[in-house]
Amino acid sequence: MTIIKQELRQGRNASLIWTCSIGLLLGICIFLFPEMKGEMDGISELFSSMGSFTAAFGMDRLNFGSLIGYYAIECGNVLGLGGAFYAALCAVGMLSKEEKDRTAEFLLTHPVSRTRIVTEKLIAVVIQITAMNLIIYGLAVVSMTAIGEKIPWKELNLLHLAYYLMQLELAGICFGVSAFLRKGSAGIGIGVAVGMYFLNLIANISDSASFLKYVTPFGYCDGADIAANGRLDGTLLAIGLGLTVIGILAAYWHYPRKDIH
């Protein structure tokens, strides 16, 4: 538990900044909804005629006049990108920072196995991502209540669950990558998150590239699909779980064998 507590202390400021930033932006978007609600029908018609741009963000399948349609696009992009960046950055340096910060000698001379180090650091990543999502979910519910709108509980819960699972998948992949790194890693984490995001945009735009949805975790976070179907895609979730497990297993396999300087 000592390593978990230490990682939580070290990541406390970053966690607070990311959580407050994402939560504040979500709150602002929600509080703007009553003012924009009357104009949403015209906006929906405008977006529906914008071709590939509209399809890329699923705006041709959502009603902007409804709270969940507005939330899925405006708030979904904030939560999706912000959460993806945080999860990737949180995980990608978790196993490499001991060498980067030259603290490996101090940590590894203690009577603790490398497998335990991987386990406790992984738990710390999951705790931080979970805490951020719970706080943001609470802020979203409070904001919707404050504006007097009826909360679409099913769609809201599914949407937040999808983004939470997406963040865990990215964290699992980046956690595995971190076991192979020795120095800087932030750029790799951001690159993975951005790359996955754009793969999903390409899959939405082009029918011939729709298979990319099976590669990126953003595929099962499509707010338009969730709002329209009222469920998450089980196939995409299963593939995402598989990629998460592969990333974590890679960390457990390589880190105990790694020649740490």
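So, here's what we can say about the structure.

Reading the values: the criteria
For every chain, the first residue of the written sequence is number 1, and numbering continues from 1 along that sequence. Predicted model: local features are reported for residues with pLDDT of at least 70 only, side-chain atom pairs are reported and counted for 80 or more only, and whole-chain, interface and lining totals are derived from all residues. The side-chain quantities take in all heavy atoms of the structure and omit both hydrogens and water. For this document, the term salt bridge refers to a Lys or Arg side-chain nitrogen within 4 Å of an Asp or Glu carboxyl oxygen. Comment: elements are numbered from the N terminus, with helices defined as DSSP H or I runs of at least four residues and strands as E runs of at least two. Only protein chains enter the area calculation, which uses a 1.4 Å probe; residues under 20% of their type maximum are buried, those over 50% are exposed, and those in between are partly exposed. For this analysis, a nonpolar core means a set of buried residues of the types Ala, Val, Leu, Ile, Met, Phe, Trp, Tyr and Cys, connected via side-chain atoms within 4.5 Å. Working rule for contacts: check all heavy atoms of both residues, and any pair within 4.5 Å makes them a contact.

1. Observations concerning the pattern of salt bridges
- Overall, the coordinates contain three salt bridges when judged by the stated rule.
- Between Glu 7 and Lys 121 there is a salt bridge, and its shortest N-O distance comes to 2.5 Å. Highlighted residues: Glu 7 in helix α1 (residues 2-10) and Lys 121 in helix α8 (residues 114-146), separated in sequence by 114 residues. Here Glu 7 and Lys 121 have matching classes, each one buried.
- Close ionic contact of Asp 222 with Lys 213 constitutes a salt bridge, the shortest N to O distance being 3.7 Å.
- Looking at Asp 222, the relative accessible area reads 6%, which means it is buried.
- Since its relative accessible area comes to 16%, Lys 213 is described here as buried.

2. Some points on the nonpolar core
- One finds Ile 30, Tyr 71, Leu 95, Val 125, Met 144, Met 166 and Phe 175 to be the most contacted residues of the largest nonpolar core, which totals 60 residues.
- The element that contributes the greatest number of residues to this core is helix α5 (residues 67-92), accounting for 13 residues.
- With residues near it in sequence (within four places) discarded, Met 166 still touches Gly 80, Ala 84, Pro 217, Phe 218, Tyr 220 and Cys 221.

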